[in-house]
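# Remarks on the overall topology
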Amino acid sequence: MHPATLFSQVQAVLFDLDGTLIDSAPDLAAAADAMRVARGLPSLPLAQYRPMAGAGARGLLGVAFGMTPEHADYETLREEFFCNYERSLTQRTGIFNGVPELLESFAIQGVKWGVVTNKSERFTLPLTGAMPLFATAGAIVSGDTTPHAKPHPEPLLEAARRLGVDASRCVYVGDDERDIVAGLAAGMATVAVTYGYLGAQADTSRWGANATINCVNELLPLLQFSSVA
């Protein structure tokens, strides 16, 4: 199907959170790096953590300690990381350029939008509650809101239900291959972003997304909206 057809009659836009709407890498990295420093290890620069920010504790503990989930101490250190992060969810977190303006244009045009993230509600709800950016979101679905997380399509389908929009009239935007897999499985048009937390081996051209954008400002020209009955 031609992209112009895929992105016509759009009634809602759903977004991944970290690496797509917000830049939470500085807070995530600080939570992991504090663990290194507490153990007498030298601090690492944000640039080393950033590519793995989208992989959560697994990715960040991998950078900080070269640790995999199979390590005997992984569960203990993961909870320490979670506690560190919980204390500073929005201390250094920023919003990607163009996002506020994009969401303002949605409000003006009456377009519904929401968030679907693999971040657990433990973090998602207080973080989005603390940032005025999310006041107009019609749905916020976390990794543990449904029995499944991305790349399973159920979280995206749940968001569409909460918005009262058919999945085929939704677009899903994300910076990880799991986002695109989930979006396609849910029957949504998909957009890959290249400015997020792409791992060193990431190749967005192989994800199968219906479109790719290099900055937030490139999204709106893709979309043709229709009114929601």
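All of the points below concern the structure found in this document. The model shown is predicted, which means the values in this text are computed figures rather than measured ones.

The rules we used
- Residues numbered from 1 in each chain as written.
- Predicted model: local features only at pLDDT ≥ 70, side-chain atom pairs only at ≥ 80, totals over all residues.
- Heavy atoms only, no water.
- Core = buried A, V, L, I, M, F, W, Y, C linked by side-chain atoms within 4.5 Å.
- Buried < 20%, exposed > 50% of the residue type's maximum accessible area, 1.4 Å probe, protein only.
- Contact = heavy atoms within 4.5 Å.
- Salt bridge = Lys/Arg side-chain N within 4 Å of Asp/Glu carboxyl O.
- Helix = DSSP H or I, 4+ residues; strand = E, 2+ residues; numbered from the N terminus.

### Describing the nonpolar core
Val-13, Phe-15, Phe-81, Trp-113, Phe-134 and Leu-219 are the most contacted members of the largest nonpolar core, which has 53 residues in total. Those residues within four positions of Phe-81 in sequence are excluded, and the remaining contacts are Leu-28, Ala-31, Ala-32, Met-35, Ala-57, Leu-60 and Leu-61. Counting residues in each nonpolar core, the second largest holds 16 residues, with Val-141, Ala-160, Leu-163 and Tyr-172 among its members.

### So, the pattern of salt bridges
If the charged atoms of two oppositely charged side chains come close together, the side chains can form a pair. Under the definition given, this model contains 13 salt bridges. The salt bridge involving Arg-92 is made with Asp-27; its shortest N-O contact spans 2.9 Å. One end of the pair, Arg-92, is in the loop between helix H5 (74-86) and strand S3 (94-95); the other, Asp-27, is in helix H2 (residues 25-38), with 65 residues separating them in the sequence. For Arg-92, a relative accessible area of 40% corresponds to the partly exposed category. Among the residues examined, Asp-27 registers a relative accessible area of 0% and is labelled buried. For Arg-162, the salt bridge is made with Glu-158, and the minimal N-O distance between the two is 2.9 Å.

### Describing helix H8 (residues 154-163)
Of all 10 residues making up H8, seven are buried, and the element is well covered by its neighbours. Taken together, the buried positions of H8 are occupied by Glu-154, Pro-155, Leu-156, Glu-158, Ala-159, Ala-160 and Leu-163. Along its buried surface, H8 packs onto strand S1 (12-15), strand S4 (112-116), strand S5 (139-141), strand S6 (170-174) and helix H9 (177-185). Directly beyond the C-terminal end of H8, a positive phi value near 70° is found at Gly-164.

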